[in-house]
Structures are given as structure tokens and as C-alpha cells.
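A look at the structure
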Amino acid sequence: MGVIDQTANTEATPPPAAVRTPPQLRTILLTDLVDSTELVEKLGDGAAAELFRAHDRLVLQLQQRWHGRLIDRSDGMLLLFERPIDGLGFALDYARGLREVGAPHQAELKSRTGLHVGEVLTWRNSEEAVRVGAKPLEVEGLAKPMAARLMGLARPGQILLSAVAEPLAHRAARELGERGQHLAWKSWGRWRFKGVPEAQEVIEVGEPGIAPLRMPIRGPKAWRDLPLWRRPAALVAQVALLSVVVGAMWFLGRPQPAIAFSERDWVVLADVRNLTGEPLLDDSLALAFRVSLEQSRHVNVLGDMKVRDTIARMQLQPGAALDRATASEVALRSGARAVILPTVADVSGRLRVSAEVIEPGTQTTVYTEFADARSPGAALDSIDQVTTSLRARLGEAVANIERDHAPLPEVSTSSLDALKAYAQGKEAFAKGEWRDAIALYEAALAIDREFALAHLAISQVHVALSDRPSALPHLDAALARRDRMPPRERLYLDAWEAEMVDPGLALLRWKTLASMYPDYHAGQANAGWHLFQLNAFDDALPYVEASGAPAAPLQFFAHDRVGRIHLVKGRIRDAQERFHAAEAMQPGTSSRRLAWTQAVLGQHAAAYQVIDGIPASGHGVNDTIREIDRAAFAADTADWPTMRKAIERGLAVEELATQFALIEAGSLLVVSPEAFDAEYARSLVRRMADQLRTTRGQEVRDASMLMAAAWLAQRAGHTEPARLAMEELRPLRERLAGTVVDDIALLVEAGEQELIGRPDLAVQLLDAALDGTELVQTRVAMLSALRASGRLPEAEEHARWLAANRGRAFAEANASQVLQSLNVMDTRLALLDLAEIHAAADNSTGQALALNAFLAAWPRDRLPDHLERRIASIFPASK
């Protein structure tokens, strides 16, 4: 028995007392437990009740894991999900879980499952209705019977998806981890469903060995939509017609140009051929074509940056015309399936806008679409008509085009002059001509103040100039005009808003953008970077890899970040390969990271040589940031004078002074702890608190640095400055939840417990964070708390971890790398901790090995007095 079929009454009306919500797009999952009545008869009431209790526990567990909402249940279930991949994850785990639930009872449990995405109507029943047996929440809409038809069609153990749900789930399958790579996806063709006017494609998905992967069985409510030629009544006519057709084909049929284009394939948009002689139409129409086409989730348009990079690799001059031949070569090199060549011409007094679809291998025109406009002012409408036709010719479903297309004047501007200025601003921005870009974007806004994309663009330039406060007014202006942007750019804007105003939501919004537009570089790259900053390296890797796809711009950044993940994991050679690949694409991208790998391998002279060989850019911040690395290399070898010089150079650059103030404080903990007195600690915390209060748009960075200052103060033994820092953070704590601020604040909370004599509570706080995403300093804090608690065997484990994870000490992002040098020093000090732990356990061999390793890294003549005293306390003979 399954969920009741609602096909006959798809317009059910809620009772007057119900609280109704507007239609919402949701993923609907319907399941039916096969032969449940026979199962009860076979097992008996007692055993069956036990089995169904286990079944209910499984369902609750999977609801929590996949964020599903259970609406109705009997022998089957109706659940709603925000995303198709969550519904699919539930269905796959449910199929596997049923086998485990049934195994103790020698019962083979299977369900039929249907998954669809569509609009649903929900309303809450009144309390009176619920008391007399009504469900708290009702769900109706055309999407529900569609899911029911899929469920009814499924074989036992089979998961069937609609053609709407399948691509959304398929493209996000990597979120299922390794299992997602091995799923079987099988289309069973088009089917007719009773009560559904159009034929629907049905797709099965499942795990090999669990899913049946067999053709569904037709029934009275579902049957295959066979073409005419396969119907028995047509066979005789086919035979009679065959000879005529074959003869006619010989005379009339010749091979025509064709193109094999699949969903999410790429196209290269060539330059507009302007045959009118009107300069206004050059840049403006090229941009209009791009904006219109980029609304599609079926067709990917190769980005300007990727095109420029490919042209450079072809050794053509920058700005070379992207004509038929050049665009075709770019397509072949980047893996694009087609070239679109727009043309605008004056035909009999009308403005004709056309676009050819070109097969790049032969440079043959496959087909052409065109539309006429009465005047240049109507050209945008013509472009909309042409791109809509192109999308359909390239295989995009009409329903999807209607869903993902808005007229150009509604999502950009109706002014060709404003479009031209905006296009020129994009060119200036690509060349790094920041001020020119702002001036051109402002010119576009002077023509059309409602041009939301121009407001967003100005905001982006200010961010590129590290001037976030100036970016915020234009971000606010873009948000106020959000409805005047294409759908993809709206999601991008939402993510940027979170990035600058509500950082705790930023990761979720970048992941949403990456899920909805999986080939859009910005979503994948930013989601990956946020996860990297959270030390969620395994979760970050799929996003980072996706951001480096062959057609993506900035592939060198993807290589660089994958290399950092390898370095964190201790895979030094793999990291170096990725860094070299990034350097080959864009010299200077990974030079600093290559130097890190040399330092981890103990090749410090080579590390300094790499850093010293980076060409000066003439920009103070860019040329000084490498002093962070010099300080870390010097710290790694106890070369305190060199470390001091690097810190002083950093302190001299205003934009980097606060970062280097924290690096300096970390060095004092090791080199001159007596200088890190209470007044110094208070001054450091006040400085970071002032920065947090006065700088807008950088809350994550500034709050992280405040917490780092508090943690350093605690390591120097001072509680009061750390408490002041926590008070400063309190108003922002909720808004910054889910960022690295949480991780460093946890250190401060644990440090407080240890300083007031409760190290066991500190251990308890820190233990919950040891899930593989912890900071290096979290391990340092755990080592200290365990030693203070007298739990030396456990402390030894963390000391060994620190000594072994030197790549992570260098590569971790933490709070703008202010903890990098301290991380590196702590990997060395962990060897001294090990020697002390072995000494306490009377393990003279372990003590000697650890101490010798420590002194090999930090020669005795370079040790500060307090470290010399520690050595003397465990090894008096070494004085």
C-alpha cells in the first residue's frame, strides 16, 4: 500500500481555518514499503512491531542527516526536501538501511521510490483539525501526483527520478562522496502517465548490487511512449514505405552540418560583426548577447578571462579580434562544443540581429537564427529572441528557457550607451586598471541609475582594492535593485552580501550558487576557499577541483589550492606538482607555497631563494606579504635576528601592521616571554578591538585577529585581556557563527579554564573540536591542558601529531596567517614536550631521541634562556 493517488484532485482546497503559504519549489520523495501486509503475517505481530520500530529509527536518522520533512506516512512516506540531492541521499540510504533493518528477521525489505521537483502548496491545519486526526501540515500541487506516478511505476528496490529532478541531483552527486562517483544512472525513455498530459522521461538511479537497474513494468496508470514506427499497427505500412523512402533519400538527402551539444557544454561567444557602421553597437551588443545567454543553465558561455588567457597561449596580440577562425581555435583548445558568431546589419531599413552556430572543427555554420528590430533601441529585444531560439536549438527544454530567461532591459539596462560604458569598464577591470573601471561603471550609472550590475561591479573593484568600506554603499544599491539582475548574478550578489555583511551565511550561499550553476567558477572557487579556511580540507577538495575545470578561468588558483590541501595532508611531492602547474600557468601564483614545501623538507636555503626570487610588483602590500614566510622560515630554524627583521619590515607597512603585530607577539612567547607582560597583552587586545570596531566589511578577519590576540595573551599567562576580548566579540558572536572565529574563540574559552585551574574542563571543550578540521593551535591547547591534568600518555599523542604535521602548520589559513610562525615554532617545541613527557615516564631512550631531534632543529646556542632551563630540568647532565 502506498500514498493515496491524488491525480484526480490536484486542486484540493484547504479548509478555511488552515494557514496557507505561497507555492514553493520543493523536492518531493514518495516511498512505498513493498508487501508490508504479508510481512506482518509472516513475522507475527510482536516481531513485526520490533521491525517497524527499527524502521522508524532509520527514517528519523535519515531525516536528520538529509534535512527531510516527513509530511505523511502509512506503509509509505511523503517527504519534502530543499534540494534534490538531499532527497536522493535519503532514498539511497533508505534502500541500503532497509536491508540492514530486515536482516535480523530474515526479511528482505524493499521500497518503491519516486523523486520529483516542482511547486507545491502547503498549509497548516488548525489545532482543532489536528486533534481529530488531521495531519499538522498538508501538501498539494501537481508535483505530488507526478512523484506518486513515478513511485507506482517503480519495481521493488527501484528509485525513479523525473527529468526535472535528475539533472539537479546528478550534477550535485559529488556531495555524496565516493559513493556518488559510482552511482548508476539509467534513462528508461519517455512514459505516459494517467492524468499527466505530456510524456515524461523516467530515469533510474541506484547503487550497483542494490538497485534493480531494470526497465519499469507498465501498468494501467503508466505506459511507455513508443514512437509510431515501433507500434504493431504501423509495421505493415513501414515495410511498404521503406523502399520509397530509401529511394527518395538518395535523391534528396545529403549530409548536413551537425553539432553534438549536451547539457552544460560550452560555447565561445565571438565578437559581434557590426555591419551598420554604428560604433555604439560594438561593445554594447556583445555584452547583451553574453548576459542573455548566461541566464541558461543548459548552455555555458566561456568567460572573457578564459578567452583572453587562451588567446595569449595562442601567441596572438592582446585584444586580437575574436572572429570565426580565432573563436574556433579558442573553442578547440578549451573544449567548447560550438562558436556563436553574432552579426548586426542594416537590412531594408531594419536592424537585423543574427547569430550563427559554428562547428569549431570545420568552422562550418550549422544553423542561424535572426530577428529584426525597427531601431537600435529595440535591438535588445531582438537579441532576446535570437538567444532564446539558440538555446532551444542547442537542446534546452522550453520550460527551462521560460523559467531561466528574463528580458535584457529587466536584468541589465535598456540603454545601449550604459551597456557600452559597462562593457568598457569590464575590459578596464580585466586589465587591472581599477580607477578607469570605476569611472566607466559610474558613467553607466549616470545614464541609468537602476543598472544593478554596474553597482555590483563598482563594489567588486573596491574589494579588489582592499577598500571594503567603499564597496558597501554600492553593494546596498545592488541589493535594492536585486530584481533587475539575471538569476545567476542574484545568487552571486546574495553570496557577496553574506561575505561582507553576514559572514556566517557566506559558505551556505556560495554552495547554493555552486549547486545551481555547477560550471560557474565563482561559486565553486569561493565555496572551496571558505571550506579551506575552516580546515575542512576533504570537503573543500571537490569544490576546488571543480573550479579548475578545463573551461574555467583562473585554473592556476585551483592548482594552488589543491596543492595547499596536499601540503596540509603531508603529501609534499603532490603539493609541489600542483604548485609547479600553477606557476606554469601564471608565474608568481604559487611561489610562496613552493617555498613552504622546501621549508617542510628542511631545505631552508632553497626556501629563502624562492622567496627572494619573486619579482617586486611595486605594490607595498604585495611585496611585503612574503615577510610572513621569511619570519616563519627563520622561526623554523631559531634564527631570531632574521625573524625580527622580517617582522619589522611588515610592521612598517600600514595595511599589514596589525597582522605583523600578532606575529611579533607570537615570537615574544618563545624568544622573550618576559616582554609579554600584562600591559603588553592589554595593549595588543585593545589594538585588535579598535580595528574590529572601526573597520566595516572585514568582521571575520578582524574578529579572528582579536581572538588570536586573546589566545596569545593567555599563553603568556594573562586572563584579564582575554576576557576583555571575549566581551568585545559577544555582540558579533552569533553573526560570525560557522566561521574560523568560532574555532579561535574555542581556544580562548579552553585557555580560560586551564588558567583558572580547571584543565580537565579545557580538555573536554577541546576534545569536541578534534574532528580533523581543528586548528594547529587547538592541538597545542590540548597538549597543554592534558599535561596540566597529568594525562601524559594522551599528551604524548598530541605532541607527536604536532611534530608530524609541519605542512599543516605552514599551509593553514587561520586568521590571515598571523598564527603561521607560531604554528611552526610549536611543531618544534612539541619535540621538547615529548622529551619532558618521556622523562616523566623514565623513558630515557625516548627522552634522548626527542631532545636530540629538538636540538637538531633549534641549535643549543640559539635557545632562549627559558628553553635552556627546561632542558636542564629534564637532562641535568646536558648543562
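Predicted model only: the values in this text are computed from it and were never measured.

1. Re the overall build of the protein
- What the protein contains, in helices and strands, is 41 helices and 16 strands.
- Here the protein has a C-alpha radius of gyration of 32 Å; the compact-globule value for 879 residues is 29 Å, and the two agree.
- Here the C-alpha coordinates of the protein stretch approximately 105 × 85 × 55 Å along the principal axes.
- Per-residue burial over the protein gives 53% buried out of 879 residues.
- When the accessible surface of the protein is totalled, it reaches about 38,900 Å², and 52% of it is carbon and sulfur.

2. Points about the environment of Val-740
- Within the element layout of this structure, Val-740 appears in helix 34 (residues 740–755).
- Its relative accessible area of 7% is what places Val-740 among the buried residues.
- Sequence spacing of Val-740 and Glu-774 is 34 residues, and the spatial spacing of their C-alpha atoms is 10.0 Å.
- Excluding residues that lie within four positions of it along the chain, Val-740 makes contacts with Gln-533, Leu-534, Val-700, Ser-704 and Leu-775.

3. Details of the nonpolar core
- Counting 191 residues, the largest nonpolar core has Tyr-422, Phe-451, Phe-633, Leu-662, Met-707, Phe-854 and Trp-858 as its most contacted members.
- In terms of residues, this core owes the most to one element, helix 39 (residues 820–840), which gives 11 residues.
- Residues within four places of Phe-854 in sequence aside, it is in contact with Arg-828, Leu-829, Leu-831, Leu-832, Leu-863, Leu-867 and Ile-871.
- Within the second largest apolar cluster, 34 residues are counted, among which are Leu-33, Val-59, Phe-81 and Ile-85.

4. Side note on the pairing of strand 4 (residues 76–81)
- In terms of burial, strand 4 is a largely internal element, six of the six residues being buried.
- Here strand 4 shows no split at all, with Gly-76, Leu-78 and Leu-80 on one side and Met-77, Leu-79 and Phe-81 on the other all buried.
- Pairing of strand 3 (residues 69–73) with strand 4, which is carried by four bridges, proceeds in the antiparallel orientation. When the bridges of strand 4 are listed, Arg-73 appears paired with Met-77.
- The turn linking strand 3 back onto strand 4 is made up of two residues.

5. Considering unusual backbone geometry
- Located in the positive-phi region is Asp-35, a residue other than glycine, with phi close to 55°.
- Along the chain, Asp-35 turns up in the loop between strand 2 (24–33) and helix 1 (36–43).
- The class for Asp-35 is partly exposed, based on a relative accessible area of 49%.
- A positive phi angle, close to 55°, is found at Leu-554, a residue other than glycine.
- Within the secondary structure layout, Leu-554 lies in the loop between helix 22 (537–547) and helix 23 (555–568).

The rules behind these values
Residues numbered from 1 in each chain as written. Predicted model: local features only at pLDDT ≥ 70, side-chain atom pairs only at ≥ 80, totals over all residues. Heavy atoms only, no water. Helix = DSSP H or I, 4+ residues; strand = E, 2+ residues; numbered from the N terminus. Rg over C-alpha atoms; globule rule 2.2 N^0.38 Å. Buried < 20%, exposed > 50% of the residue type's maximum accessible area, 1.4 Å probe, protein only. Areas by Shrake-Rupley, 256 points an atom, 1.4 Å probe, with all protein chains shown as cover. Contact = heavy atoms within 4.5 Å. Core = buried A, V, L, I, M, F, W, Y, C linked by side-chain atoms within 4.5 Å. Pairing = 2+ DSSP bridges.

So, to be careful, I would describe these as geometric facts and stop short of saying anything about function.
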